[in-house]
Amino acid sequence: MKKIILICALLAVVSCAPRTGMQDQSLQNNNLQTLSPVELRMVIAEMPKGADLHTHLSGIPYAEDYLKWAAEDNACIVKSSGKIVAGPCGDGTLAAKDAYSNAKIWNMAVSELSVRENRRDNQLWGHDQFFGAFGKMGVAKYNTGRLLAHAAKQADRDHVQYLEVMLSMYGPKSSDEKIVNKAWTGNFAESLKNLEDSDLYGDIEAVVENINSAEKEKSRILGKDPAKKVHIKYINQISRGNDPASVFAQLAFAFKLALSDSRVVGINLVGPEDGPIAMRDYELHMKMVSFFDSRWGHSVPITLHAGELTPALANPEGLSNHIGLIVDDVNARRIGHAVDLPYEKGAESLVKKMKKRQMAIEILLGSNDAILKVSGKEHPLQTYLKAGVPVVLASDDMGIARSTLTDEYVRAVLDQKLTYQQLKEAARNSLEYSFLDGGSLWVNRAYGNMVKACSESSGVKDECDKFLSGSPKADLQWNLEKQFKGFESKYPYLK
C-alpha cells in the first residue's frame, strides 16, 4: 500500500471543518495576537508541545504541592522562613498538616516557596527569592519518585511527550571534601587520576539503583494515569557555586554516570551565574567541561546555562563572554537563557556562529522576567529567530515562577509576538534538538522533508515502522505530527 495515504493522513489539515468557538476569522494568517488572552490560552492549552528540555525537577511542583507532601510526611514548617523541615515539630515550627487551618502560615510558606508576590523593592527580590526557594523545599523534595510522577502529570497536562529533567545524582565520594580537595592539583589529568584512585566511580552502582527506585516509585504513584506515557530522561547538574575541586569532581562523576546509564543523557552547570565563585571561575569551568568532553570522545551531550545576566548582576567584563566562551570553545549542543547577548563581545558574529553550528537556545521567558526583569523588546528571542538560530521554549522552574509550559507558549505570543508557525517550529525543535537516541524523522532538520523510509515515495509502511521502532527520537517526532494533525483539524485556521 502506497505510503502517500499514510502521509496525507498524518500531515493534512481538514480545512472544511465547521467553525466553532474560536475557529473564526481571528485565527487567519497565524494572527494569534488578535485573540484575547483568555481565548489564546484556551487554544494553546491544547497545542502539542513536544518536549520540555530545560526544567529542574525540584522546581516543577508548586508550593502547595510541597506543603501537601510535607503534611503527608509529618514534616514541619519553620514559622519565620516557611522552610519545610523534618519532624517532630517543636518551638518555632508548625506541623505542616496544621497549616491547612492556619492561613497565615500557609500563605507565608507559599510566598516563600515562589515569586507569587512579585514584590519590587530595593533588594534583588525576584532573583534572590527565586534561587532561595530551592533551599526552603527542604525534606519535601527528597522523594525523587514523587517528583518524577508529579513532573509526568504536569507534562501530560501541557501536552508534552518528553522531559529532560535536571537533578543532582552523586555518591558520597564526589561531595567528600577530604577526597576532592586531596585529589585537586589544578592539573586536570592529574586530578582525575587522583579521583579515580580514590574510587570515585565506585558510587555509580548505588546511584543507578537510586534511579531505579525512583522510577519504580513513579510508576507506583502513576498507576494507570495517562501520564505514565510521558518519557523522562535525566541531565545531571553540577553546582557552579562550589570551589574548583568540587566542581571538577562532580563533572568527573557526571560524565561517567552518563556513559554508564542511558537514562542520563547529558550534563549541565547550574546555580546563579552571577554568584562570586561562578563569575570568578566561569572560564575555568568551561575548560573543565571541554577536558571531560574530549576525554570521553564527545559522547556525552552537553547543555549549559549561559548569559543569565544583566548589568544589574554583572560588570561589563562579566557580561562580555559567557555565551561566547561556549560557542567558541565548548562542544555544547544547547545553551539555556542566553539573555545577555547584546552585551557579549562580537554579538553579531556570535549569532552567526550559533546558526552555523545549529546550537539551539532554550528560551525561558517566565524566569527571565522573574529573575532578570527582562521581557518584551529587551529580550533577545526575536534576534535569535531573525538570525535563524534554533529556538525551543522551556519552563525552567514552573512551580517557583507559578507558570507552566503552556503559559510559556502564551507568553511567547503576548510578549514576543510569535506566530503559530513559530510556536510549531519551537515544538518540533524541542524534539529535534533533544538528547534522545536515534535518527531524526527529518532530513537535515528541514521540517516537511521526512526521511525516505517514511516519505510518500517509500511505498511500504513496514519500512517506516521499522525506522521508527529503531529511533526513539523519530518515534516521538512522528507522534507529534499526528498530534498536530488532530489539533489543526480542530483549529483549521491556525495553519
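This text follows the structure it describes.
Summarised in this report is the structure supplied together with it. Just so it is clear, the structure is predicted and the values come from calculations on it, not from any experiment. (Residues numbered from 1 in each chain as written. Predicted model: local features only at pLDDT ≥ 70, side-chain atom pairs only at ≥ 80, totals over all residues. Heavy atoms only, no water.)

### Comments concerning the overall build of the protein chain
Note the following rule: In this text, helices come from DSSP runs of H or I with a minimum length of four residues, and strands from runs of E with a minimum of two, each type numbered from the N-terminal end. Every radius of gyration here is taken over C-alpha atoms, with the globule rule written as 2.2 Å times N^0.38, N being the number of residues. When a residue's accessible area, from a 1.4 Å probe over protein chains only, is under 20% of the maximum for its type it is buried; when over 50% it is exposed; and in between it is partly exposed. When checking whether two residues touch, look at their non-hydrogen atoms; a contact exists if any pair is within 4.5 Å. Computed with a 1.4 Å probe, the accessible areas rest on the Shrake-Rupley method; for each residue, only the protein chains presented here act as cover. In this tally, Asp and Glu contribute negative charge and Lys and Arg positive charge; neither His nor the terminal groups of the chain are included. Positions of charges follow a simple convention, taking NZ of Lys, CZ of Arg, CG of Asp or CD of Glu.
Helices and strands together make up the secondary structure of the protein chain, namely 22 helices and eleven strands. Radius of gyration (C-alpha) of the protein chain: 23 Å, near the 23 Å computed for a compact globule of 495 residues. Burial statistics for the protein chain: of 495 residues in total, 55% are counted as buried. By sequence separation, contacts in the protein chain at least 24 residues apart represent 76% of the contacts at least 6 residues apart. As displayed, the protein chain has an accessible area near 21100 Å², and 51% of this comes from carbon and sulfur atoms. Side-chain charges of the protein chain comprise 60 positive and 61 negative groups, with the mean position of each set lying 5 Å from the other.

### Digging into the state of the cysteines
Condition: By definition, disulfides here are pairs of cysteine sulfur atoms that lie within 2.5 Å.
Scanning the entire structure with this criterion turns up two disulfides. One disulfide in the model links Cys454 with Cys464; its S-S distance is 2.1 Å. Between Cys454 and Cys464, the S-S dihedral sits near 95 degrees, and the bridge is therefore right-handed. A residue pair is termed long-range when its members are at least 10 positions apart, and Cys454 in the loop between α20 (420–432) and α21 (461–469) and Cys464 in helix α21 qualify at ten residues. Cys464 sits in the buried class, given a relative accessible area of 0%. Disulfides within the protein chain link the bonded cysteines, taken in sequence order, as 1-2, 3-4.

### As for the environment of Leu365
As for its placement among the helices and strands, Leu365 is situated in helix α16 (residues 365–372). Accessibility expressed as a relative area gives 3% for Leu365, which makes it buried. Excluding residues that lie within four positions of it along the chain, Leu365 makes contacts with His379, Leu381, Glu408, Arg411, Ala412 and Gln416.

### Here's the deal with the packing of helix α10 (residues 244–260) against helix α12 (residues 282–295)
The following threshold applies: Only the stretch in contact is used when fitting a helix axis, every axis being a line fitted to C-alpha atoms; angles between N-to-C directions are given from 0 to 180 degrees. Roughly parallel covers angles under 35 degrees, roughly antiparallel covers those over 145, roughly perpendicular covers 65 to 115, and oblique covers all other angles. In this scheme the crossing of two helices becomes right-handed for a clockwise turn of the near helix relative to the far one and left-handed for an anticlockwise turn of less than a right angle. Just so you know the grouping, Ala, Val, Leu, Ile, Met, Phe, Trp, Tyr, Cys and Pro go in nonpolar, Asp, Glu, Lys and Arg go in charged, and all remaining residues, Gly too, go in polar.
Between α10 and α12, the shortest axis-to-axis distance is 10 Å and the interhelical angle comes to 30 degrees. Judged on the interaxial angle alone, α12 and α10 are roughly parallel. Here α10 runs over α12; the crossing is right-handed. Contacts between α10 and α12 involve Pro244, Val247, Phe248, Leu251, Ala252 and Phe255 on the former and, on the latter, Leu284, His285, Met288, Val289, Phe291, Phe292 and Asp293. Across the contact of α10 with α12, the residue classes tally to eleven nonpolar, one polar and one charged.

### Quick word on the packing of helix α14 (residues 322–329) against helix α15 (residues 347–357)
Each packed pair of helices is defined by two parameters, the angle between the axes and the distance between the axes. Running from N to C, α14 and α15 cross one another at 40 degrees; their axes reach a closest spacing of 10 Å. Classed by the angle they form, the pair α14 and α15 counts as oblique. You can see that α14 and α15 cross each other, and the crossing is left-handed. Contact with α14, carried on its side by Ile323, Gly324, Ile326, Val327 and Asp328, involves Leu350, Lys353, Met354 and Arg357 of α15 and no other residues of that element. A breakdown of the residues in the contact of α14 with α15 according to their chemical character gives five nonpolar, one polar and three charged.

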